[in-house]
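Residue-level structure breakdown
Chain by chain, the residues:
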Protein chains: 2
Amino acid sequence: MVSFFFNPKSIAVIGATSNPKKFGNAVTINLLQNSNLQSELFLVSRKSQEISGLECYRSILDIPKDIDVAIILVPAKAIDEVINQCIKKEVKGIIIITAGFGEINEEGKINEIEIAKRCNNAGIRVMGPNCVGIQNLNTGLNASFIQTAPLGDIGMLSQSGSFGCATFYAMEREYIGCTKFANIGNGVDVSFSEILEFLNTDEHTQLICVYIETIENGRKFLETVNRIIPNKPVIVLKGGRTHLGMKAASSHTGSIATNYKVLKSSLKQKGIVLCENANDYITALKTFSFLPIPQGEKIGVLTNSGGSSVLFSDKIEQFKLELADFSGTLVEKLSTYLIPLVKVVNPLDMIGGADEETYYNITKLMLEDANISIVVASVVVPPFLEMKPDEHYRGIIRAWNDTDRKKPLISLILFSEEFKDLREHSRREKAAIFYTPHDATFAIKILVERMRLLKKLNQSNEN
Amino acid sequence: MVSFFFNPKSIAVIGATSNPKKFGNAVTINLLQNSNLQSELFLVSRKSQEISGLECYRSILDIPKDIDVAIILVPAKAIDEVINQCIKKEVKGIIIITAGFGEINEEGKINEIEIAKRCNNAGIRVMGPNCVGIQNLNTGLNASFIQTAPLGDIGMLSQSGSFGCATFYAMEREYIGCTKFANIGNGVDVSFSEILEFLNTDEHTQLICVYIETIENGRKFLETVNRIIPNKPVIVLKGGRTHLGMKAASSHTGSIATNYKVLKSSLKQKGIVLCENANDYITALKTFSFLPIPQGEKIGVLTNSGGSSVLFSDKIEQFKLELADFSGTLVEKLSTYLIPLVKVVNPLDMIGGADEETYYNITKLMLEDANISIVVASVVVPPFLEMKPDEHYRGIIRAWNDTDRKKPLISLILFSEEFKDLREHSRREKAAIFYTPHDATFAIKILVERMRLLKKLNQSNEN
């Protein structure tokens, strides 16, 4: 198991430096900035005596305690000696952040394999080389040179470090975050599958996301995924889905990107949430971070905007989803809260005058209705009649809370990204906002697909 | 012509009120709030003596001056008398904001047609009924009950008023805006085609966007579009592209949505920029607001993120676009600014250490290269090495400015919406940022399509 990498009792940074223009400094600062770090931290530096008040050792061998994990940032040409010292020190694992190996040329490839062999023979596991490192957000461990991810429910594996950074930015934007993060670079020893196994057992991790270009051992990867899928949704964005993309990927990681056409059907069959672009990837993370799995497929829609309702209906049909039929009883109940001008049909266009209370009452009635499994509350923020930009959303969320958030409630508030009060309320309430009909409908689609999958798995368990 | 609606010498608001819960108040306030309004404003109210210091008349007939445009907000049942007074007053045009006509039932349909006939016979043009009104952002005229659109280059026609509101929010977000805005509601007299003709002649309008559900006279619409397309890009989002969407649209406007399958090929053939969702619609507006039309199709890409470059390459192939081959000379020039670890290929991954100056120099070299017609500068904001979040973008924009913005430069800064300095710089420089590979590639696709169209039109003119 690789879990000790994420929960080390002690860490040594080899190649620590006070020069802020070096990655060795970024890793050191990232580790130091958490005053509650549960790992004992040691710095190894040839040049510095101390960094930010912490003593530096000349070599890992000078450290008076056992080391679980050594993080290596020395130049590629100096790495052999450092590896020897780590073996002598009997560390459990090494994270090689240093680049200039298999991603560069054949010689680098041979070098990194040789390093892994030597370490494995000594009982040491290796992450990297050419990686940004790992993070455990639940313990405050940032053993990487990138920014600390926001805290959330997601276990994240990213084959691109920089795409990992960018994903963190999108997570901040959406008020979601990580439990664990790993970028294993060239992946010479510790594999994606092992990280995934670990994330599967991790109690904090509710869902798993993977950005991947190359899958070295496809069969093992699929077997692992197969074990995880019944427990946790796995969201995958594959880079290198086309010839041009594969070419760029091979220049990026030095290995040949896995052919997407071959992979795609296997991944879909396993029940992976496969995203075709970066935007859908974030939407999927948001969806599973905030929304429960529905019990059925029928959708009820309320809105104050005809245009938004039309655009949403188009997406519903494109994604092969289904609107609920309103029962006579429901129509009667809904009517009591609506002005006579409103036609009580699904989608329900309540017209521009609908306010917080109308949204509250109508959302609640739909959430309580047995024929409706998913509710979409769609709003265009009204710029008139003294309405507050966040009042409709407040009504919606109140209704969701009053029904114990049992059904997925999708808030579609068109192009409302710039309404700060709205977004602050969303953050406080730990509830998502979707900003376009596409995103809202994609969310429903993947929730419905997960429901179908779990039903199918339950049935085959019963048989 | 309908241009007088957008440039009236005098306006009367019939149904003005000081009650902030009424649309009559919203229109009044919107008109009053512009102290530089170039139209003389008169208010007509049964109840109020004055609103915000402006005298109210009991009837339009009491106003001592000629009225170009009367905006009507009285209830549907009171409208006949008001129409008669407008005819007697010999106004040039009427905007009927009042709802409760053709969108409700057959009787309403008959009523609105009768009103239009009576007005037309008296030489009066009618916009509406059931509309939110119009805006001329170049003169500060907001004759609608929705918020004033941001000022920009776009002439906008929206069949949904609320989708218009939402589009304004997205425009604020993207630092783009309108010249003119019109929502003509049930469109009983003044038609889409007439508004489009007007936008075509309007000197401020550089591009035109249309949200449409129903096209009453398809042939005329296509003829009009045909005349506009060589001068200005026309961007269309059609609501009601599916059966469900058409059903929702007919409930929304009271008329049957135009079948998209039939329309689609005609629109595409004419060279309309046809968007399949709301997100692409905004991306298209942004693209034509900020970027010049390219002279060729070959794309040069620079990036600091392998993952982002892979995802972008996938999109390039999906959209059938073309990467440029770097010439030997260009490779040589580029190399002088890059570290040896960097492979000088297209897309050019300069690795995480690339800073403002590297971005400036490489962007400039690509913009100056004769084999490259479109440059994509892709960034993942580096969270390390003390780099500033906006420095790469600053370098990129400097290079663009130093080459007189002759070629389209697409800044793809992945998921960077929350970097305020970056967005402020983008606003100041009047330059776009694209946040996902999809959006960046969609922008290139529509620019290339416009270039091909203009070339084709030029060729047929020469023959």
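Residues numbered from 1 in each chain as written. Chains lettered and ligands numbered in written order. Predicted model: local features only at pLDDT ≥ 70, side-chain atom pairs only at ≥ 80, totals over all residues.

Quick word on the overall build of chain A
A tally of regular secondary structure across chain A gives 16 helices and 19 strands. Counting all 463 residues of chain A, 56% fall into the buried class. Looking at chain A alone, contacts between residues at least 24 apart form 73% of all its contacts between residues at least 6 apart. (Helix = DSSP H or I, 4+ residues; strand = E, 2+ residues; numbered from the N terminus. Buried ≥ 20, exposed ≤ 12 C-beta atoms within 10 Å, placed from the backbone. Contact = placed C-beta atoms within 7 Å.)

Re the relation of the copies chain A and chain B
The two copies are related by a screw motion: chain A maps onto chain B through a turn of 180° and a shift of 0.0 Å along the axis, at an RMSD of 0.0 Å. Here the transformation between the copies is reduced to the relation of a two-fold axis. Residue A:Glu417, judged by its C-alpha, is the member of chain A lying nearest the rotation axis, at 4.9 Å. Taken together, the interface assignments show that 100% of the residues at the interface of chain A recur at the interface of chain B, consistent with an identical surface on both copies. (Least-squares fit on C-alpha atoms with pLDDT ≥ 70 in both.)

As for the domain arrangement of chain A
Residues and elements named next belong to chain A. Split by domain assignment, chain A resolves into domain 1 (3-127), domain 2 (149-290) and domain 3 (298-453). In this structure, domain 2 and domain 3 have C-alpha centres spaced 31 Å apart. Residue contributions to the side of domain 2 that touches domain 3 peak at six residues, all from helix 10 (residues 278-290). Split by residue class, the side of domain 2 that touches domain 3 holds five nonpolar, three polar and two charged. (Domains from an automatic or database assignment. Nonpolar A, V, L, I, M, F, W, Y, C, P; charged D, E, K, R; others polar.)

Things to note about the sheet that holds strand 2 (residues 40-44) of chain B
Strands in a sheet are paired, the pairing made by backbone hydrogen bonds, and the direction either parallel or antiparallel. Residue and element names in this part refer to chain B. Taken in spatial order, the seven strands line up as 3-4-2-1-5-6-7 in an open sheet, and their pairing is mixed. One side of each edge strand has no neighbouring strand; the edge strands of this open sheet are strand 3 (50-51) and strand 7 (125-127). Direction of pairing for strand 1 (residues 10-14) relative to strand 2: parallel, over a ladder of five bridges. The partner of Ala12 across the bridge, within strand 2, is Phe42. (Pairing = 2+ DSSP bridges.)

Looking at unusual backbone geometry
In this structure, A:Pro347 follows A:Asn346 across a cis peptide bond, with omega equal to 0°. Within the secondary structure, A:Pro347 is located in the loop between helix 12 (328-335) and strand 17 (348-349). For the bond from B:Gly128 to B:Pro129, the omega torsion is -5°, close enough to zero to count as cis. For B:Pro129, the position within the fold is in the loop between strand 7 and strand 8 (133-136). Despite not being glycine, B:Ile351 has its phi angle at roughly 70°, a positive value. Taking the C-beta count within 10 Å as the criterion, B:Ile351 has 17 such neighbours and is therefore assigned partly exposed. The backbone of B:Lys430 shows a phi angle near 50°, a positive value even though the residue is not glycine. By the element assignment, B:Lys430 lies in the loop between helix 15 (420-428) and helix 16 (437-462).

Points about the packing of helix 11 (residues 306-318) of chain A against helix 5 (residues 161-174) of chain B
Axis angle and axis distance: for two packed helices, these are the angle between their axes and the distance between the axes, and together they describe the pair. Interhelical geometry of helix 11 of chain A versus helix 5 of chain B gives an angle of 85° and a closest axis separation of 6 Å. Judged by the angle between their axes, helix 11 of chain A and helix 5 of chain B are roughly perpendicular. Between helix 11 of chain A and helix 5 of chain B, the residues in contact are A:Gly306, A:Gly307 and A:Ser308 and B:Ser162, B:Phe163 and B:Ala166, respectively. (Axes fitted to C-alpha atoms, helices over the stretch in contact; angles between N-to-C directions. Parallel < 35°, antiparallel > 145°, perpendicular 65-115°, else oblique.)

Some words on the interface of chain A and chain B
Listed as interface residues are 66 residues of chain A and, on the opposing side, 66 residues of chain B. Taken together, the elements giving at least two residues each to the side of chain A that touches chain B come down to helix 2 (23-32), helix 5 (161-174), helix 8 (243-253), helix 10, helix 11 and helix 16 (437-462) of chain A. Top contributing element to the side of chain A that touches chain B by residue count: helix 11 of chain A, with eleven residues. Class assignment of the residues belonging to the side of chain A that touches chain B gives a composition of 29 nonpolar, 24 polar and 13 charged.

Quick notes on the sheet that holds strand 13 (residues 234-238) of chain B
Residues and elements named next belong to chain B. If you trace the seven strands from one edge of the open sheet to the other, you get 9-8-11-10-12-13-14, paired in mixed fashion. Of all the strands in the sheet, the pair left with one neighbour each is strand 9 (141-144) and strand 14 (273-275). Between one strand axis and the next, the sheet turns through 15° on average, direction left out of account. Running at roughly 175° to strand 9, helix 2 (residues 23-32) makes contact with strand 8 and strand 9 of the sheet.

Looking at the nonpolar core
Ranked by internal contacts, the top residues of the largest apolar core, which has 314 residues, are A:Ile71, A:Ile72, B:Ile71 and B:Ile72. Beyond its immediate sequence surroundings of up to four residues, A:Ile72 is in contact with A:Ile14, A:Gly15, A:Ile79, A:Val82, A:Ile94, A:Ile95, A:Ile96, A:Ile97 and A:Thr98. (Core = buried A, V, L, I, M, F, W, Y, C linked by C-beta atoms within 7 Å.)

Some points on the pairing of strand 2 (residues 40-44) of chain A
Residues and elements named next belong to chain A. At this point the chain moves from strand 1 (residues 10-14), through helix 2, to the parallel strand 2, and the crossover so formed is right-handed. Relative to strand 4 (residues 54-57), strand 2 runs parallel, the two sharing two bridges. In the strand pairing of strand 4, Leu43 is matched with Cys56. (Right-handed = clockwise from strand over helix to strand, strands pointing away.)

Digging into the pairing of strand 10 (residues 151-158) of chain B
Residue and element names in this part refer to chain B. When you tally the buried positions in strand 10, you get six out of eight residues, the bulk of the element. Direction of pairing for strand 10 relative to strand 11 (residues 178-183): parallel, over a ladder of five bridges. In the sheet register, Gly155 faces strand 11, and the bridge partner there is Lys180. Where the polypeptide runs from strand 10 across helix 5 and back to strand 11, its parallel neighbour, the crossover connection is right-handed. Of the pairings in the sheet, the one linking strand 10 to strand 12 (residues 207-212) comprises five bridges and is parallel in character. Residue Gly155 lies in a different strand from strand 12, and its bridge partner there is Ile208.

A closer look at the confidence of the model for chain A
When pLDDT is averaged along chain A, the result is 94; 98% of the residues meet or exceed 70. Of the two predicted TM-score estimates for the complex, the pTM is 0.95 and the ipTM is 0.95. (pLDDT = per-residue confidence, 0-100.)

Points about the environment of A:Arg423
In this structure, A:Arg423 sits in helix 15 (residues 420-428). A C-alpha to C-alpha distance of 39 Å links A:Arg423 and A:Ile71, two positions 352 residues apart in sequence.

Quick look at the environment of B:Phe42
Residue and element names in this part refer to chain B. Its location among the elements puts Phe42 in strand 2. Taking the C-beta count within 10 Å as the criterion, Phe42 has 22 such neighbours and is therefore assigned buried. Along the sequence, Phe42 and Leu137 sit 95 residues apart, while their C-alpha atoms lie 20 Å from each other. When neighbours within four sequence positions are excluded, Phe42 is seen to be in contact with Ser10, Ile11, Ala12, Tyr57, Ile63 and Ile67.

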